[in-house]
Amino acid sequence: MSRSSRKRTWGHSFFFTPSLEALGDRTVPSVTSAFENGTLSILGDAEDDLVEIVAEAEGTFTVTTDAGEETYEGVERIEADLGDGDDELTIDLGEVDRRAELEVEVELGDGANVFDMTADELGARAEVSVFVTGGGDDDEVSIDLGEVGARAEVEAEVDLGDGANYAELIADGLGRAASLGLVVDGGDDDDEVVVDLGEIGSRAEVEAEADLGDGDNYAEFIADGLARAASLSLDVEAGDDDDELVVELGEIAARAEVEADVDLGDGDNVAEMIADEVARRAELDIQLDLGDDDDEVVVELGEIAAGVKLDIDVDTGDGDDDLTLTADEIGSRIDADVRIDSGDGDDTVDADALIDLGLEIDFQDPDDESSDDDDEDDEDDNDD
């Protein structure tokens, strides 16, 4: 038998190219969202989470995370627990409708966190509540309410925890008979709190409490003015170390009421209370306790109209203190009770403007009292 010498040619059908089947994306999102019974829930982890929540319409919100976008309808409450890590949560409420109700509760966890909530405006009779809790690192919390409509109600509680924290609450003004309740707890370390409300409308009510804790703290409360029969209650407490408080109220209209109770603790503290004008039959109750060490106090009341009720009590404790109390003009029939206790130390007290305008001031200065006692002893010796 003879073997063929023709070269055999193999067809391509005898060869194959291996291939792998693509697997689905098994990446686990660091943030998950869920919705049940009107509550939108956001859950983070120990990584650095980034979450954005945007209102599309009343009760409808779009949530953007590393997992993508989800839209939920019928939202009445937002809950977020971001866990540890350096997290950032932004909530854009847009224009909150008239009579709308929304509650927001946020747990920032440990890490250097940022929470930013904004609204273009809150409609008349809307109700918005915000509760924010930070961890033990440096947190930043910003709440911008836009223009707050007539009879709208806002409640905000911010617990910053320890760390060098910053918190601000801003409004473009509070409408007639609106109400705002604010509580800020700063924890230890150096904190900064800024509240800027615009004009507080007629019969609107503001109650603000701040416990700044230890550390070198700064707090600022600003209003463009208080309209007729509006009320502002301010309660500020700080621990030891050097603290600074600035309160600027603009024009205080007729029958408006301002109550300020301030205790800054020991340390080299600064307190400023400034008003451009106090109109007829307004009431001011200002209590300032700055503890020991070297303090500085400035109270400027501008023009005080007839019939104003004025209660001022300043206690700077021991230390070399510097006090200035002044007004540009004082009307008739003022019901005034002004007390100054500068404690021991080399103090400088300037209240000449109030005295020249006819206001009586009760001075308590232990250094002067001891000098008086020495003078009386000298007189007794001479009598003998």
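To keep things clear, this report deals only with the structure shown in the data block. (Residues numbered from 1 in each chain as written. Predicted model: local features only at pLDDT ≥ 70, side-chain atom pairs only at ≥ 80, totals over all residues. Heavy atoms only, no water.)

## Some points on the nonpolar core
Now for step 1: If you look at the biggest cluster of nonpolar residues, it comprises 101 residues, and the most contacted ones within it are Phe115, Ile143 and Phe221.
Now for step 2: Tallying contributions element by element places strand E9 (residues 101-109) first for this core, with 4 residues.
Now for step 3: Apart from the residues lying within four places of it in its own chain, the contact partners of phenylalanine 221 are Val195, Ala208, Ala210, Leu234, Val236, Leu245, Val246, Val247 and Glu248. (Core = buried A, V, L, I, M, F, W, Y, C linked by side-chain atoms within 4.5 Å. Buried < 20%, exposed > 50% of the residue type's maximum accessible area, 1.4 Å probe, protein only. Helix = DSSP H or I, 4+ residues; strand = E, 2+ residues; numbered from the N terminus. Contact = heavy atoms within 4.5 Å.)

## Topic: the side chain of threonine 39
Now for step 1: Within the fold, threonine 39 resides in strand E2 (residues 39-43).
Now for step 2: By relative accessible area, threonine 39 is classed as buried at 17%.
Now for step 3: Beyond its immediate sequence surroundings of up to four residues, threonine 39 is in contact with Ala34, Arg77 and Glu79.

## Some details on the pairing of strand E20 (residues 205-211)
Now for step 1: Of the two faces of E20, only one is covered, namely that formed by Val206, Ala208 and Ala210; the face formed by Glu205, Glu207, Glu209 and Asp211 stays uncovered.
Now for step 2: In the sheet, strand E17 (residues 179-185) pairs with E20 via 7 bridges, with the strands oriented parallel. Within E20, the position partnered with aspartate 185 by the bridge is aspartate 211.
Now for step 3: The pairing of E20 with strand E23 (residues 231-237) spans 7 bridges and is parallel. For glutamate 207, the partnering residue across the bridge sits in E23 and is serine 233. (Pairing = 2+ DSSP bridges.)

## Quick word on the sheet that holds strand E25 (residues 251-252)
Now for step 1: Reading across from one edge, E19-E22-E25-E28-E31-E34 is the order of the 6 strands in this open sheet, with parallel pairing throughout. Two strands in the sheet have a free side with no partner beyond their single neighbour: strand E19 (199-200) and strand E34 (329-330).
Now for step 2: As paired elements, strand E31 (residues 303-304) and E34 share 2 bridges and run parallel to each other. What sits directly across from glutamate 303, in E34, is glutamate 329.

## Some thoughts on a positive patch on the surface
Now for step 1: A surface patch of positive charge is lined by Arg98, Arg99, Arg125, Arg151, Arg176 and Arg203.
Now for step 2: Along the chain, arginine 98 falls in the loop between strand E8 (95-96) and E9. (Patch = residues over 30% accessible without salt bridge, like charges linked within 9 Å, V, L, I, M, F, W, Y side chains within 5 Å. Areas by Shrake-Rupley, 256 points an atom, 1.4 Å probe, with all protein chains shown as cover. Salt bridge = Lys/Arg side-chain N within 4 Å of Asp/Glu carboxyl O. Lys, Arg positive; Asp, Glu negative; His and termini not counted. Charge placed at Lys NZ, Arg CZ, Asp CG, Glu CD.)

In short, shape yes, function no, at least from these values alone.
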